[in-house]
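# Results of the structural survey
Now for the letters of each chain:
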Amino acid sequence: MQKILILGANSAIAQATARRYANEGAQFYLLGRNKERLEMVANDLQVRGAKEVDFHTLDANEVADHASALEAAIQSLGQIDILLIAHGTLPDQVACQASVDETVAALQTNAMSVIAFLTLASQQFEQQGQGSIVAISSVAGDRGRQSNYVYGSAKAAVSIFLQGLRNRLHRHGVQVLTVKPGFVDTPMTAAFDKGPLWVQPEKIAEGIHRAIDKNKDVVYLPRIWWLIMLVICRIPERIFKRLSL
Amino acid sequence: MKAYTSWGRYPKLAAAKVERPRWRDDVLPFTARQSLLAYGNGRSYGDSCLNEGGCLLDTRGLDRFIHFDKTTGVLRAEAGVLLTDILQFCLPDGWFLPVTPGTQYVTLGGAVANDVHGKNHHGAGSFGCHVRAFELLRSDGQRLICSQHDNAALFQATIGGLGLTGVILWVELVLKRVAGTVMEVESQQFSALDGFYELSEQADQRHEYSVAWVDCLARGPALGRGWLFSANHAQTHDIPSPDRAGGWTMPLTPPVSLINRGSLRLFNQLYYRKPRPASQRQHYQPYFYPLDKIRYWNRVYGPKGFLQYQCVVPPGDERSAIAAILARIAVSGTGSFLAVLKRFGNRASPGLLSFPRPGTTLALDFPNQGADSLRLLENLDALVSEVGGAIYPAKDARMSTAMFKASFPRLSDFVTQRDPGMSSSFWRRVMEE
């Protein structure tokens, strides 16, 4: 039975992933901002077969609260087999360009809060000598583009941080999985028109579950994005800078 | 990305806006100018799940379970949960849907809003008979928990209320105990309509479930010939390996309907002649949901879609009326592989606009051939209304105002409970609004 800690448990990808593990009888500790909604998610996982579900509110941006939240989670779970970090926002690029506050806030939520929590959690995993650290990054972090480089740079920071963490924790038997979804149909992307490349969060959840089982390091979901990003990252900068992407 | 059509793919009516709530506490976009309609999984056949020019509320995001008591079988879940998900989680614990329609891909909210029925209507009544309570969000923002005791008038109006009384947020349902996934199925051939009545009268006493396939092209002395399939849940726990998961997918819409006079005649001959064991054990999936094995089977009718027709005629005149209807269909030479006959029982639903009522029900689909199809169905309506029968709104795309009003004598009580902020293309059509 897996013991799973989720930060951003109310997000669509987190819920879809948690359901897969609830089927298998996992035990959960959920962290998120909205208590009523955490309870709705907890009840759902319980009916779907979770052995036990505990939850607590945490605003990831309140970095000072991370330590006590993590401690309570460890208290409840005993040890952490899987940590899933799934919170995030999709900042408005144009608004960020016009506002230092917006840009800093976007980086705070999507990069700093993740890195802060990982810093604390990695100590626990190093000590445990096992388990999986899973964080949702994005294909947007692979190359900066004018349409969303604030979000992209936050995700790039997360990806590089995870890469270093993986290098550090590998010898301790800990998996560090960087998840890079493409376009996912979630409340975060509600404002977009959805084309053929868009997928449902259940599809991402399936890929995350598989990547954890297979002890992967980095996974593009759906996998077609590995090819797409391979091409995008190979375009020379002197050409890339002229494109409107 | 997603097309909001009905299952018959006729008529095609576009909503001006689609909203997708994800949480029960979401604030809904009620405005005075634009009417709202909940859209579940789009399995209604005609226009009752469409709202041309209005706002559709895709409720599939409300797909959480809330509570399940494994000792009493009482399940509370959000309205967008599919019946297939309920089976998946409850069957391993020995619980089954108290009533299930012919597809498991309907939402819980949709099952209530259409007060769906199944092969066990003669004993169990309709879906609404097993609903203990639900929460209704009205367009004025009120959230009301409705049951037979609280907000009883709204409870009765919402069951079978076609989504017009507000948005159902969650439903509390009483499941039924079963031993496992196995069905004991009896198959009996009948060579004419009278045979159906004889066999189903006996079968209904000994079986929880019964339904007949009828050859809609048979005429003369063979009129109404077919097969009766009756079943009970097996009392044993052994589970035959379920059929290969997945099944087939109809990958695209053919340019013309694949169901035509020739293919239908051939299929019906083969299906009627096919030898079947008198009794067999079968997994519940192929017994209850034969068509669910083919994803998007509705595409088989081509781009123009199809019209589903389901009527019920009251006891007394039922034999002669069904015979007249079948004769009229046989003359037309059109119809579907899956024409279904079933006798409804006496158990009354709480729903004001509930369709099932004592008598015989006939359901089948017709490829959409424009005016010819509409004329045929009008003719059938005349035969149904002559004996005081009714047409099922969930499957309708064309019945007249008069036919609708004649079908639902408690309509005026319903109208007083309707939410003025909710509407559908069906409602505006039959009420001539």
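These figures come from a predicted structure and were not determined experimentally.

This next bit is on the overall build of chain A. Tallying secondary structure elements over chain A gives nine helices and seven strands in all. Its C-alpha radius of gyration of 18 Å places chain A within 12% of the 18 Å reference for a compact globule of 245 residues. Principal axes of the C-alpha set define a box for chain A whose edges measure 55 × 40 × 35 Å. Taken over 245 residues, chain A has a buried fraction of 43%. Here the analysis covers contacts within chain A between residues at least 6 apart in sequence; of these, 70% occur between residues at least 24 apart.

This part takes up the overall build of chain B. A count of helices and strands for chain B gives 12 helices and 20 strands. The globule rule puts the C-alpha radius of gyration for 433 residues at 22 Å, and the 21 Å found for chain B is close to it. By principal-axis analysis of the C-alpha atoms, chain B measures approximately 60 × 50 × 45 Å. Classification of the 433 residues of chain B by burial places 50% in the buried group. The long-range share in chain B, meaning contacts at least 24 apart out of those at least 6 apart in sequence, stands at 77%.

Here the focus is the environment of Gly 8 of chain B. Residue and element names in this part refer to chain B. Looking at where Gly 8 falls in the secondary structure, it is placed in the segment before β1 (17–19). Sequence spacing of Gly 8 and Asp 396 is 388 residues, and the spatial spacing of their C-alpha atoms is 9.4 Å. Other than its neighbours up to four places away in sequence, Gly 8 contacts Tyr 45, Gly 46, Asn 298, Gly 305, Phe 306, Leu 307, Gln 308 and Ala 397.

The next thing to look at is the nonpolar core. The biggest cluster of nonpolar side chains holds 122 residues, and the ones touching the most others in it are Val 112, Ile 168, Val 171 and Cys 311 of chain B. Apart from the residues lying within four places of it in its own chain, the contact partners of Val 171 of chain B are Ala 77, Ala 79, Leu 108, Gly 109, Val 112, Val 131 and Phe 134 of chain B. Counting residues in each nonpolar core, the second largest holds 72 residues, with Ala 16, Ala 121, Ile 204 and Trp 225 of chain A among its members.

So, about the pairing of strand β4 (residues 82–85) of chain A. Residue and element names in this part refer to chain A. The side-chain alternation of β4 yields two buried faces, one formed by Ile 82 and Leu 84 and the other by Leu 83 and Ile 85. Sheet analysis places strand β1 (residues 3–7) next to β4, joined by four bridges and oriented parallel. Bridged to Ile 6 within β4 is Leu 84. Two strands pair when backbone bridges link them, and β4 and strand β5 (residues 132–136) are joined in this way by four bridges, in the parallel orientation. Its bridge partner being in β5, Leu 83 is matched across the sheet by Ile 133.

It is worth spelling out unusual backbone geometry at this point. At the junction of Leu 221 of chain A and Pro 222 of chain A, the peptide bond is cis and its omega measures out at -15° in the coordinates. In this structure, Pro 11 of chain B follows Tyr 10 of chain B across a cis peptide bond, with omega equal to -5°. Its place among the elements puts Pro 11 of chain B in the segment before β1. For Asn 215 of chain A, which is not glycine, the phi dihedral falls at a positive 60°. Along the chain, Asn 215 of chain A falls in the loop between α7 (201–213) and β7 (218–221).

Attention shifts here to helix α2 (residues 35–47) of chain A. Residues and elements named next belong to chain A. Look at α2: 19 Å from first C-alpha to last across 13 residues, which is about the 18 Å you get at 1.5 Å a residue. Among the residues of α2, Arg 37, Leu 38, Met 40, Val 41, Ala 42, Asp 44 and Leu 45 are the ones counted as buried. Immediately beyond the C-terminal end of α2, within one or two residues, lies Gly 49, with a positive phi of roughly 120°.

On to the interface of chain B and chain A, then. Counting from both sides, the interface comprises 11 residues of chain B and, opposite them, 10 residues of chain A. It is strand β4 (residues 65–69) of chain B that provides the largest number of residues to the side of chain B that touches chain A, a total of four residues.

It is worth spelling out the sheet that holds strand β17 (residues 306–313) of chain B at this point. Residue and element names in this part refer to chain B. Taken in spatial order, the eight strands line up as β15-β11-β13-β12-β18-β19-β17-β20 in an open sheet, and their pairing is antiparallel. Pairing within the sheet leaves two strands with one partner each, and these edge strands are β15 (279–283) and β20 (390–391). Bridging between strand β12 (residues 209–214) and strand β18 (residues 340–344) involves two bridges; their strand directions are antiparallel. Bridged to Ala 212 within β18 is Leu 341.

Here we come to the confidence of the model for chain B. Of all residues in chain B, 97% attain a pLDDT of 70 or more, and the chain-wide mean is 94. Two summary scores accompany this predicted model of the complex, namely pTM at 0.94 and ipTM at 0.92.

What follows covers the environment of Thr 360 of chain B. Residues and elements named next belong to chain B. Tracing the backbone shows Thr 360 in strand β19 (residues 359–367). With 25 C-beta atoms packed within 10 Å, Thr 360 lands in the buried category. Ignoring anything within four residues of it in the chain, the contact list for Thr 360 reads Val 312, Val 313, Glu 318, Ile 322, Leu 341 and Arg 343.

Residues and elements named next belong to chain B. Strand order in this open sheet of five strands is β4-β5-β9-β7-β8, and the pairing throughout is antiparallel. Since the sheet does not close on itself, it has two edges, and those belong to β4 and β8 (143–147), each with one partner. Each neighbouring strand pair of the sheet contributes to a mean axis angle of 15°, computed without reference to strand direction. Sheet topology places strand β7 (residues 131–137) next to β8; five bridges connect them, and they run antiparallel. Its bridge partner being in β8, Phe 134 is matched across the sheet by Cys 146.

All names here are of chain A. In contact at an axis separation of 8 Å, helix α5 (residues 100–128) and helix α6 (residues 149–169) are set at 10° when each is read in the N-to-C sense. Here α6 runs roughly parallel to α5, going by the angle between their axes. On α6, the residues touching Thr 103, Ala 106, Leu 107, Asn 110, Ala 111, Val 114, Ile 115, Leu 118, Ser 122, Phe 125 and Glu 126 of α5 are Val 150, Tyr 151, Ala 154, Lys 155, Ala 157, Val 158, Phe 161, Leu 165 and Leu 169. Split into classes, the residues belonging to the contact of α5 with α6 amount to 15 nonpolar, three polar and two charged.

Definitions and limits used
Residues numbered from 1 in each chain as written. Chains lettered and ligands numbered in written order. Predicted model: local features only at pLDDT ≥ 70, side-chain atom pairs only at ≥ 80, totals over all residues. Helix = DSSP H or I, 4+ residues; strand = E, 2+ residues; numbered from the N terminus. Rg over C-alpha atoms; globule rule 2.2 N^0.38 Å. Buried ≥ 20, exposed ≤ 12 C-beta atoms within 10 Å, placed from the backbone. Contact = placed C-beta atoms within 7 Å. Core = buried A, V, L, I, M, F, W, Y, C linked by C-beta atoms within 7 Å. Pairing = 2+ DSSP bridges. Expected span 1.5 Å × (residues − 1). pLDDT = per-residue confidence, 0-100. Axes fitted to C-alpha atoms, helices over the stretch in contact; angles between N-to-C directions. Parallel < 35°, antiparallel > 145°, perpendicular 65-115°, else oblique. Nonpolar A, V, L, I, M, F, W, Y, C, P; charged D, E, K, R; others polar.

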